[in-house]
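Here is what each chain is made of, one letter per residue.
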Amino acid sequence: MKVPILKQGDYLIASVQSVLSDSDLSLLRDEIAERVGRYRSRGVIIDVTALDVIDSYAARTLKNIAQITKLRGAETVIAGIQPEVAFSMVQLGLTLDGVATALDLEEGLICLDKLTKGMINKNGG
Amino acid sequence: MADEVTVNIRLESAIVYARQKGRELAAELGFSQSELTIIATAISELARNIVDYAGNGQIIMQLIEKDGQKGIMIKAQDNGPGIPDIELAMQDGYSTGNSLGLGLPGTKRLMDEFEIDSKVGQGTTVTVIKWKRNDINFKI
């Protein structure tokens, strides 16, 4: 697995460390979908600060991850899209409509706290 | 200093390699970080089209100069099935595959020049150019 996924309380934090190929992205999607269930997570943050490019495939996969985790009862926040990456995405015509985004990991955690507030605790605590 | 790089595109993993090579080559001209990301994104889309629709092909990247202006030219060529209706393929949201259909029109928006030549049964060549802005204060 190229992207380490850390469990932090009720959240999963996936920190992209390097550029990702299409298959790396697909693997990340599958791993997150599985771990949300395994750890009964309520939220997922994908930190994409290290991504050099978010092209149509990457944008579609990030969107899919958010939709899949939602169906699994968890919220997703995409954090750390770099300014030049955001600029290219807009030019290309890509949006992440319906997906929560945050400036960085710190803001992402705050965002996730808000999104999951009042959610039923799946761990029964 | 090489001013031309060719990357064979067969496997999906070559997409990342091609855009890294393109970024390195364009960096030699002193493009800004934003422009380098735009160039890398365009290469990514063009390379993915080859993988998705043709199976294999080449990305040829070349530093060029015209009337004192410098730039990078990227040529994506394949011997795939070709595009029957280019006008349709250039429309936002149109896709025959499982994609968003933004690849070609989006790439055109990213670059300064865009040319497509396709013959059904013979293949497709897409040529794009990004010119280096002469204004040193130019920011995105």
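Up top is the structure these notes are about.
Definitions and cut-offs
Residues numbered from 1 in each chain as written. Chains lettered and ligands numbered in written order. Predicted model: local features only at pLDDT ≥ 70, side-chain atom pairs only at ≥ 80, totals over all residues. Heavy atoms only, no water. Buried < 20%, exposed > 50% of the residue type's maximum accessible area, 1.4 Å probe, protein only. Helix = DSSP H or I, 4+ residues; strand = E, 2+ residues; numbered from the N terminus. Pairing = 2+ DSSP bridges. Expected span 1.5 Å × (residues − 1). Contact = heavy atoms within 4.5 Å.

Q: Even after reading the chapter, I still don't get the pairing of strand β5 (residues 123-131) of chain B, so can you show me in this structure?
A: Moving residue by residue along a regular strand, the side chains alternate between the two faces of the sheet. Residue and element names in this part refer to chain B. Of all nine residues making up β5, eight are buried, and the element is well covered by its neighbours. Bridge analysis of strand β3 (residues 69-78) against β5 gives eight bridges, and the strand direction is antiparallel. Each residue of the ladder has a partner; that of Met73, found in β5, is Ile129. As defined by bridge partners, strand β4 (residues 113-119) adjoins β5 across seven bridges and the pair is classed as antiparallel. Residue pairing for β5: Asp117 is matched across the bridge by Thr125. The antiparallel pairing of β4 with β5 creates a hairpin that spans three residues between the two strands, and Gly121 there sits at a positive phi of about 85°.

Q: When you look at helix α1 (residues 22-38) of chain A in this model, what are you seeing that I'm missing?
A: Working note: α-helix, 3.6 residues per turn, so residues spaced by three or four point in the same direction. With 17 residues, α1 of chain A extends 24 Å from end C-alpha to end C-alpha; this agrees with the ideal 24 Å at 1.5 Å per step. Turning to α1 of chain A, its buried residues are Asp22, Asp24, Leu25, Ser26, Leu28, Ile32, Ala33, Arg35 and Val36 of chain A. Where α1 of chain A is buried, its residues contact β1 (5-8), β2 (11-15), β3 (43-47) and α2 (56-71) of chain A together with α1 (13-27) and α2 (33-54) of chain B. Taken from the residues just after α1 of chain A, Arg40 of chain A is the one with a positive phi, measuring 50°.

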